[in-house]
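A structural walkthrough
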Amino acid sequence: MKRAAAKHLIEHYFLQLTEGCGNADCRNEFCASCRDFRPLDNNTAAVKALELFKINAKLCRPPPLNRESHSPSLGCGPSEYSQLELSDADFSDVHYLTETTVCMILSFCEEEGDYSALVRVIGRIFSKADALMRSFRKDDPTELLGASSAAALPDEDPGEASDLSEVTVDVRAVRRVYDRLLAIEQVEQAFVNALIHLSTNMELDLEYLNAYETNPDYLNIFIIIMENSNLHSPEYLEEALPQFCRALIKLPVSGLARLSKVWSTSGLPHIRHVMETFQQLITFTVVSNEYDAENLVNDDETVVAATRCLKVAFYASIQGGELDVGNSEEEEDDWESDELTLHELLGEEQLYRKGPWVDPLEKELDLRPIDSIKPLIPFEDFVNESLNEVLEVDRDFTFFKVNEEVKFSFQSCPFILTVFNKSRGLYYDNRISMYSERRRAAFYSMTQDTEPNPFLKLKVRRDHIIDDALVQLELISTEKPSDLKKQLFVEFEGEQGVDEGGLSKEFFQLVLEEIFNPDIGMFTYDDETQVFWFNSSSLENEAQYTLIGLVLGLAIYNNCILDLHFPMIVYKKLMGKKGTYMDLSDSHPVLSQSLKGLLEYAGNVEEDMSLTFQISHTDLFGNPVLYDLKENGEQIPVTKENRQEFVDLYTDYMLNKSVETQFKAFKKGFLMVTQESPLKHLFRPEELELLICGSKKLDFDALEETTEYDGGYSKDAQIIKDFWETIRSFEEEQKRLFLQFISGTVRAPVGGLGKLKMTIAKNGSDTDRLPTSHTCYNILLLPEYSSKAKLRERLLKAITYAKGFGMM
């Protein structure tokens, strides 16, 4: 028998021996109500109860309803209470519920064929905070039995182990009660009506009476209510659940954190039920209303409250999954410019947040989404598509940046947003910074009588692009780092072209092609994974790596996609996490397989493998380099007992220590541009990669659906039909060339090709001229060729030889 059940059964014996069953005609010799029974003191009764349990002695019905006990029972059925004389009972003396009490009332109602008494009790108890808070309490029989007797109880079933010790409510008893009650149709409406009344009072209790601080057991109410598996049904969605959510978010941050911890231990089915309940309420409310620029979804109290409740479930999902806590990179001192911002110059600094936003619940839990290796529920399941469709991102961002105390912003709950909407929020943040720097430059020019410089101007030579970019960016970052926050403006020496975005894209691509050239030796390339990794033996100075970090930061800041091939660990390290063995397969697949083989080897590790804690790798010139993972590593053999330590130290060396100098310089450049942006708050590492590199998935059907036409073309024109048939007939490499020709990159933007906003404009009648493009605006200038074959030939030639300013 399971330990919890045994405890409850022994307690029944104890109460039977001390209080009796209440039946004056009882003939059970082990019951205090029997005429021949000799009274026992508590200690003797406790020992006797254990003996009766062991021999499975006769057990009378439980004690009367008004017994002051919080104890749940093993469950009950009509036969167990067939002798109860409750035909005249109104149960008005029931002031809280236990599983025993519910079963007794249910048994009575079933025998009577009338559930009205049960409905009244449910309505009364579940509508009063004090009554519900006292209900379904845990009760430890060891207090009655004594430590020596408790030790004789059967062992707990490991599958039934509970981590809910920090709350006093018996969750399993609550679940058993709900399983029985929710099967009764008449009870459902009682739960709904009670929840409406209860939530209204709880909201007042928490807001004005500090109910949770006064009694932390107040949290029991929320735990009990959320065990109701019908909460997402239509009966609750219109009024009861919205009111309950508004009460829940009145809990202080400490209470929300505690509730999140409780949910995290309740198992996947329950936490998914909690998540789906709040998601259902958000979706139901959004699709039932109409929103626009004047009627914002941010003003909908139900959606806002449910989203805040969903955040508690989000962190519960993280806590309940696999975690990597404490394995963080040492934080650099925040990079800040000594120059005054425009808002500081104008005395507006209090209106604008400076630096990244920190979530109060995240801070209370001391847990970040990036600490999650594998959450209980995938991150994607927390995204609500219906909400994202009606969200006015520009307005929402304004609330997040400026007025968060007055108006809720969904960017404070980024888990619910699509990557596309988060990238739009970041885009607005970057644009505001650019305009602010432009205004500051104008302000300085007026006060100091100098020529205004509203842009970050780089003038480079194509054949010396790295040297030119490095010298200029290093000079700017040293002398006037605030200029890095200006809009980038690139000029190629000797070429006539105004940078409206297209030249910047080409600049980024040329810099990357040059720096990732294997001949330079800054990065190593793995043919199997097709990714680059930092070369620990590189002869290049730190400034070169800082330049790469700057390029990444500037690309994000100027909304440019890069054809970059880094393993995921690079983005994790940029977000503040160190590399671990789990990250090794992406960057060093061969080494990862070798170490996996070591960990799984069943033979004698020390004798068969002859490994020590000294490792060897080759430098840039192919010479062996020795490194001791531990002091005197050469003399410490790797054994079955210490092989995990060897793997951890080896991984730490390869992903962290060996490239510490290079990566530190790289991250420094990245933070010069992104330090004060909400980047780390909004995005996870995989989303950061998508933001920088775009999507590898090229859906040209989505591009066709969103393409606009100009100059006399329409989607029904024959040449347009021929054009899309030609594109669909291209091989994958040709499609990537076309995408680079039209947009300056071979990747799709965040959200897919449907977000590219391409325009095809007529550029004259039939001619031998090639198609041209404006990569700044994704415009294709297409002559009206006389045949499909000519269109294909001209288009292929254009995309194959599109280099330099001829691409426009």
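Please read these numbers as outputs of a predicted model, since none were measured by experiment.

Reading the values: rules and limits
- Residues numbered from 1 in each chain as written.
- Predicted model: local features only at pLDDT ≥ 70, side-chain atom pairs only at ≥ 80, totals over all residues.
- Heavy atoms only, no water.
- Helix = DSSP H or I, 4+ residues; strand = E, 2+ residues; numbered from the N terminus.
- Contact = heavy atoms within 4.5 Å.
- Areas by Shrake-Rupley, 256 points an atom, 1.4 Å probe, with all protein chains shown as cover.
- Buried < 20%, exposed > 50% of the residue type's maximum accessible area, 1.4 Å probe, protein only.
- Arc of directions from axis to C-beta.
- Polar contact = N/O pair within 3.5 Å; in protein donor to acceptor, adjacent residues only side chain to side chain.
- Axes fitted to C-alpha atoms, helices over the stretch in contact; angles between N-to-C directions.
- Parallel < 35°, antiparallel > 145°, perpendicular 65-115°, else oblique.
- Left-handed = near helix turned anticlockwise from the far one by under 90°.
- Nonpolar A, V, L, I, M, F, W, Y, C, P; charged D, E, K, R; others polar.
- Pairing = 2+ DSSP bridges.
- Phe/Tyr/Trp six-rings, centres within 6.5 Å; stacked < 30°, edge-to-face > 60°.
- Lys NZ or Arg CZ within 6 Å of the ring centre and 35° of its normal.
- pLDDT = per-residue confidence, 0-100.
- UniProt positions renumbered as here; feature names shortened; annotations may be inferred.
- Core = buried A, V, L, I, M, F, W, Y, C linked by side-chain atoms within 4.5 Å.
- Domains from an automatic or database assignment.
- Patch = residues over 30% accessible without salt bridge, like charges linked within 9 Å, V, L, I, M, F, W, Y side chains within 5 Å.
- Salt bridge = Lys/Arg side-chain N within 4 Å of Asp/Glu carboxyl O.
- Right-handed = clockwise from strand over helix to strand, strands pointing away.
- Lys, Arg positive; Asp, Glu negative; His and termini not counted.
- Charge placed at Lys NZ, Arg CZ, Asp CG, Glu CD.

Here's the deal with the overall build of the protein chain
For the protein chain, the helix and strand inventory stands at 36 helices and 12 strands. Within the protein chain, counting contacts between residues at least 6 apart in sequence, those at least 24 apart form 74% of the total. About 37,900 Å² of surface is accessible on the protein chain, with carbon and sulfur atoms providing 47% of the total.

Re helix α8 (residues 171-181)
Residues of α8 that are buried: Val 171, Ala 173, Val 174, Val 177, Tyr 178 and Leu 181. In a view along the axis of α8, the buried residues occupy a sector of 155 degrees, so they form one face of it. The secondary structure elements touched by the buried residues of α8 are α3 (99-112), α4 (116-125), α9 (185-208) and α11 (219-226). Where α8 begins, the capping side chain belongs to Asp 170, and its oxygen is found 3.3 Å from the backbone nitrogen of Arg 172.

Considerations on the packing of α3 against α8
Between α3 and α8, the least distance of the axes is 10 Å, while the angle of their chain directions is 15 degrees. In terms of orientation, α3 lies roughly parallel with respect to α8. When you trace α3 past α8, the crossing you get is left-handed. When α3 is examined against α8, the residues Glu 99, Val 102, Cys 103, Leu 106 and Glu 110 are found in contact with a partner set consisting of Ala 173, Arg 176, Val 177, Arg 180 and Leu 181. Of the residues contributing to the contact of α3 with α8, the split by class is 6 nonpolar, no polar and 4 charged.

Remarks on the environment of Leu 503
Among the structural elements, Leu 503 can be located in helix α23 (residues 502-515). The class for Leu 503 is buried, based on a relative accessible area of 6%. With 273 residues separating them along the chain, Leu 503 and Cys 776 place their C-alpha atoms 7.8 Å apart.

Observations regarding the sheet that holds strand β12 (residues 779-782)
A sheet is described by the order of its strands in space; here 4 strands give the open sequence β9-β10-β12-β11, paired in mixed fashion. On the outer flanks of this sheet lie β9 (708-710) and β11 (772-774), each paired with one strand and no other. Direction aside, neighbouring strands of the sheet carry axes that sit 25 degrees apart on average. Pairing of β9 with strand β10 (residues 759-762), which is carried by 3 bridges, proceeds in the parallel orientation. Residue pairing for β10: Tyr 709 is matched across the bridge by Ile 760.

A few points about the packing of aromatic side chains
The way to describe two aromatic rings as a pair is by their centre distance and the angle between their planes. Counted according to the given criterion, the structure contains 36 aromatic pairs. When the ring of Phe 314 is compared with that of Phe 379, the centres are 5.8 Å apart and the planes differ by 50 degrees; the resulting orientation is tilted. Linking Phe 314 in helix α16 (residues 301-320) with Phe 379 in the loop between β2 (372-374) and α19 (385-390), this pair joins segments that are 65 residues apart in sequence. Residue Phe 314 shares its accessibility class with Phe 379, and that shared class is buried. Their ring planes at 15 degrees and their centres at 4.6 Å tell us that Phe 314 and Phe 415 sit as a pair that is stacked. In this pair, Phe 314 is assigned in helix α16 and Phe 415 in the loop between α20 (393-401) and α21 (419-448), connecting sequence segments 101 residues apart. As far as the burial class goes, Phe 314 and Phe 415 line up, both buried. Of the aromatic side chains, those joined through ring pairs into one cluster are Phe 516, Phe 523, Tyr 525, Phe 532, Trp 533, Phe 534, Tyr 545, Phe 566, Phe 663 and Phe 666. Its end group placed over the ring of Phe 613, Lys 630 keeps NZ or CZ at 5.2 Å from the ring centre.

Quick look at the confidence of the model for the protein chain
This prediction gives the protein chain a mean pLDDT of 84; 86% of its residues lie at or above 70. Contacts of residues 63-88 to residues separated by more than four positions or lying in other chains number 67 contacts, the stretch itself having pLDDT below 50. Across residues 333-337, where pLDDT falls below 50, the model places 8 contacts with residues more than four positions away in sequence or in other chains.

So, the UniProt feature "active site" (unreviewed entry) in the protein chain
Under the UniProt annotation, "active site" (unreviewed entry) lies at Cys 776. The topology assignment puts Cys 776 in the loop between β11 and β12. The exposure class assigned to Cys 776 is buried, which follows from its relative accessible area of 19%.

Concerning the packing of α9 against α11
The geometry of α9 relative to α11 is characterised by a closest axis approach of 12 Å and an angle of 150 degrees between their N-to-C directions. Between α9 and α11, the interaxial angle falls into the category roughly antiparallel. For α9 against α11, the interelement crossing comes out left-handed. For the pair α9 and α11, the contacting residues are Leu 195, Leu 198, Met 202 and Leu 206 in the first and Ile 221, Phe 222 and Ile 225 in the second. Looking at the contact of α9 with α11 residue by residue, the class counts come to 7 nonpolar, no polar and no charged.

Let's talk about the nonpolar core
One finds Phe 126, Tyr 218, Phe 222, Trp 263 and Phe 410 to be the most contacted residues of the largest nonpolar core, which totals 98 residues. Sort the elements by how many residues they give to this core and α16 lands first, with 12 residues. Formed jointly, this core draws a minimum of three residues from each of two domains, domain 2 (94-138 + 167-231) and domain 3 (252-326 + 353-417). For Phe 126, the contacting residues outside a window of four places in its chain are Leu 97, Leu 132, Phe 136, Tyr 178, Phe 191, Ala 194, Leu 198, Ile 224 and Ile 225.

Description of a nonpolar patch on the surface
A contiguous nonpolar surface patch, about 360 Å² in accessible area, is contributed by Leu 204, Tyr 208 and Leu 209. Note on placement: Leu 204 falls in helix α9.

Here's the deal with the pairing of strand β4 (residues 487-492)
Only one face of β4 is buried: it carries Leu 488, Val 490 and Phe 492, and the other face, with Gln 487, Phe 489 and Glu 491, is open. Following the chain from strand β3 (residues 455-460) across helix α22 (residues 465-479) to the adjacent parallel β4, one finds a crossover that is right-handed.

Examining the pattern of salt bridges
In total, this model carries 31 salt bridges according to the counting rule given. Here Arg 461 makes a salt bridge to Asp 468, at a shortest N to O gap of 2.9 Å. Ionic pairing is found between Glu 506 and Arg 462, a salt bridge with its closest N-O pair at 3.0 Å. Highlighted residues: Glu 506 in helix α23 and Arg 462 in the loop between β3 and α22, separated in sequence by 44 residues. Exposure remark for Glu 506: the relative accessible area of 10% places this residue in the buried category. Bridged by salt links that share partners, the residues Asp 324, Arg 368, Asp 371 and Lys 577 form one connected network.

As for the side chain of Ser 773
Looking at where Ser 773 falls in the secondary structure, it is placed in strand β11. For Ser 773, the side chain forms a polar contact with the main-chain oxygen of Phe 741, separated by 2.7 Å.

So, a negative patch on the surface
On the surface, Glu 606, Glu 607, Asp 608 and Glu 641 cluster together into a patch of negative charge. Assignment of secondary structure puts Asp 608 in helix α28 (residues 605-609).

Things to note about the pairing of strand β5 (residues 523-526)
Pairing of β5 with strand β6 (residues 531-534), which is carried by 4 bridges, proceeds in the antiparallel orientation. Paired with Asp 526 across the strands is Val 531, a residue of β6. Between β5 and β6, which pair antiparallel in sequence order, lie 4 residues; one of them, Gln 530, sits at a positive phi of approximately 60 degrees.

Quick notes on the environment of Pro 39
Residue placement: Pro 39 occurs in the loop between α1 (3-18) and α2 (42-55). Residue Pro 39 is classed as exposed on the basis of its relative accessible area, which comes to 76%. Sequence-wise, Pro 39 and Thr 18 are 21 residues apart; in three dimensions their C-alpha atoms are separated by 7.3 Å.

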